[in-house]
Amino acid sequence: MTEIESNTPQSNIAQPDAPTQRRLPVVAIDGPAGAGKSTLAAHLARRFGLLNLESGAMYRALALKAIESDIGFEDEAALSALFATTTIELQPQSEGNRVLLDGHDVTRRVRERDVAEGASQVSVHPQVRQWMVAQQRTLGANGGVVMEGRDIGTKVFPNAEVKIFLDAAPEVRGQRRFLQGGPVPPTVTEESVLMALRERDARDRSRAASPLEPAPDAILLDSTGMTFEQVTARSEEIVRQRLALAGL
Ligand code: DC
């Protein structure tokens, strides 16, 4: 698992000369697929010296394990039985997370379309979500993280110091995903990418367990007509304001 320096005091005996340790913040970034969360999270992590954790990569890794184990994405009981023998590690890098499934590097594989589709399907199951949330809370227990996903500000870290809900019009998100995808077979068109994205959106927003929705205290940021520089500048401003409010 990601190593995060502990900032827990070792003793509660007053030590006047000991340096005071600052609480480290949690920055939660939620929003639909293709809104630009990963790029923004990586940027904010660099800017504020935090670890960048992509929670979606964990759902993708579990979906990959299901594919490799011949387990259907709808089979909640069989998926839950996998937990005992599954280790998912996120290693923050400058541009994103290296993902290890049971010790094997699956960073590239989990970006493929069948795994993305599987991740959206396995993430509807309450038991899967419960397992993921517990792991994600452990990763961020000492703060000092930017975590991005769908339920970070609502479920994983409801007390996060900073919450941003990043959105954009579906057409814009679909186009970004299509351009991001690199060389694609001729059957994959911008329209088919947009259609798959709308399906994932609908599933993420309508599932009973932790549907994708902004936390009541999240700042909404619609990046539809914004450049990446504008999004990062506004987000940095939000982070500074919220950290100041939290006394950090
Ligand atoms: O962010 P992503 O595209 O890598 O996420 C893949 C899927 O995982 C997405 O369709 C929904 C699910 N997910 C989730 O339900 N909760 C999260 N915190 C992160 C991802």
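Residues numbered from 1 in each chain as written. Predicted model: local features only at pLDDT ≥ 70, side-chain atom pairs only at ≥ 80, totals over all residues. Heavy atoms only, no water.

## Observations regarding the overall build of the protein
Looking only at helices and strands, the protein has 9 helices and 8 strands in total. The buried share of the protein, taken over its 248 residues, is 47%. For the protein, contacts bridging at least 24 residues in sequence account for 74% of all contacts bridging at least 6. Carbon and sulfur atoms form 53% of the exposed surface of the protein, whose accessible area is close to 12600 Å². (Helix = DSSP H or I, 4+ residues; strand = E, 2+ residues; numbered from the N terminus. Buried < 20%, exposed > 50% of the residue type's maximum accessible area, 1.4 Å probe, protein only. Contact = heavy atoms within 4.5 Å. Areas by Shrake-Rupley, 256 points an atom, 1.4 Å probe, with all protein chains shown as cover.)

## Topic: the site of the ligand
Around the ligand, the surrounding shell holds 15 residues, and the nearest of these are Arg60, Arg129, Arg150, Asp151 and Arg200. Within the side chain of Arg60, one N or O atom sits 2.6 Å away from an oxygen atom of the ligand. Between Asp204 and the ligand, the recorded distance is 3.3 Å, taken from a side-chain N or O atom to an oxygen atom. For the ligand, whose accessible area on its own is 440 Å², the fraction buried by protein is 97%. Secondary structure elements with two or more residues in the shell around the ligand: helix 2 (55–68), helix 4 (113–122) and helix 8 (190–206). (Near = heavy atom within 4 Å. Polar contact = N/O pair within 3.5 Å; in protein donor to acceptor, adjacent residues only side chain to side chain.)

## Things to note about the pairing of strand 1 (residues 26–30)
Across a regular strand the side chains alternate sides, sitting on one face of the sheet and then on the other. For strand 1, the tally of buried residues reaches 5 of 5 residues, placing the bulk of the element in the interior. Covered by surrounding structure in strand 1 are Val26, Ala28 and Asp30 together with Val27 and Ile29, the residues of both alternating faces. As defined by bridge partners, strand 1 adjoins strand 7 (residues 162–167) across 4 bridges and the pair is classed as parallel. Bridge pairing in strand 7 links Ala28 to Lys163. (Pairing = 2+ DSSP bridges.)

## Regarding the side chain of Asp204
Residue placement: Asp204 occurs in helix 8. According to the relative accessible area criterion, Asp204 is buried, its value standing at 4%. The contact partners of Asp204, leaving out residues within four places of it in the chain, are Ser120, Ser123, Arg150, Pro211 and Leu212.

## Digging into the environment of Pro170
Within the element layout of this structure, Pro170 appears in helix 7 (residues 170–180). Take Pro170: its relative accessible area is 24%, and that puts it in the partly exposed class. In the structure, Pro170 is positioned 54 residues away from Thr224 in sequence and 9.0 Å away in space, judged by C-alpha atoms. The contacts of Pro170, once residues within four sequence positions are left out, are Leu194, Leu197 and Arg198.

## Re the sheet that holds strand 3 (residues 88–92)
In spatial order, the strands read 3-4-5; together these 3 strands make up an open sheet with antiparallel pairing. For this open sheet the edge positions go to strand 3 and strand 5 (104–105), each flanked by a neighbour on one side alone. Taken together, the 2 bridges between strand 4 (residues 97–101) and strand 5 define a ladder with antiparallel strand orientation. By the bridge assignment, Leu101 is partnered in strand 5 with His104.

## Considering the nonpolar core
Core analysis: the largest hydrophobic core is formed by 36 residues, its most contacted members being Leu62, Ile88 and Met132. Counting residues per element, this core draws most heavily on helix 2, which supplies 8 residues. Apart from residues no more than four positions distant in its own chain, Met132 is found in contact with Met58, Tyr59, Leu62 and Ile88. Judged by nonpolar contacts, the second largest core, of 18 residues, contains Ile29, Ala45, Ile164 and Leu248. (Core = buried A, V, L, I, M, F, W, Y, C linked by side-chain atoms within 4.5 Å.)

## Observations concerning the confidence of the model for the protein
This prediction gives the protein a mean pLDDT of 90; 90% of its residues lie at or above 70. Note on residues 1–13: pLDDT is under 50 here. Beyond four places in sequence and across chains, it has 24 contacts. (pLDDT = per-residue confidence, 0-100.)

## Observations concerning the pattern of salt bridges
Per the stated rule, a full pass over the model turns up 17 salt bridges. Note that Arg109 is salt-bridged to Glu112, the shortest N-O span being 2.9 Å. On the accessibility criterion, Arg109 (26% relative accessible area) is partly exposed. With relative accessibility at 40%, the residue Glu112 sits in the partly exposed group. Here Arg207 ties to Asp204 by a salt bridge, and the two come within 3.7 Å at their closest N and O atoms. Asp204 matches Arg207 in its accessibility class, with the two residues each being buried. What emerges from the salt-bridge pattern is a single network uniting Arg47, Glu236 and Arg240. (Salt bridge = Lys/Arg side-chain N within 4 Å of Asp/Glu carboxyl O.)

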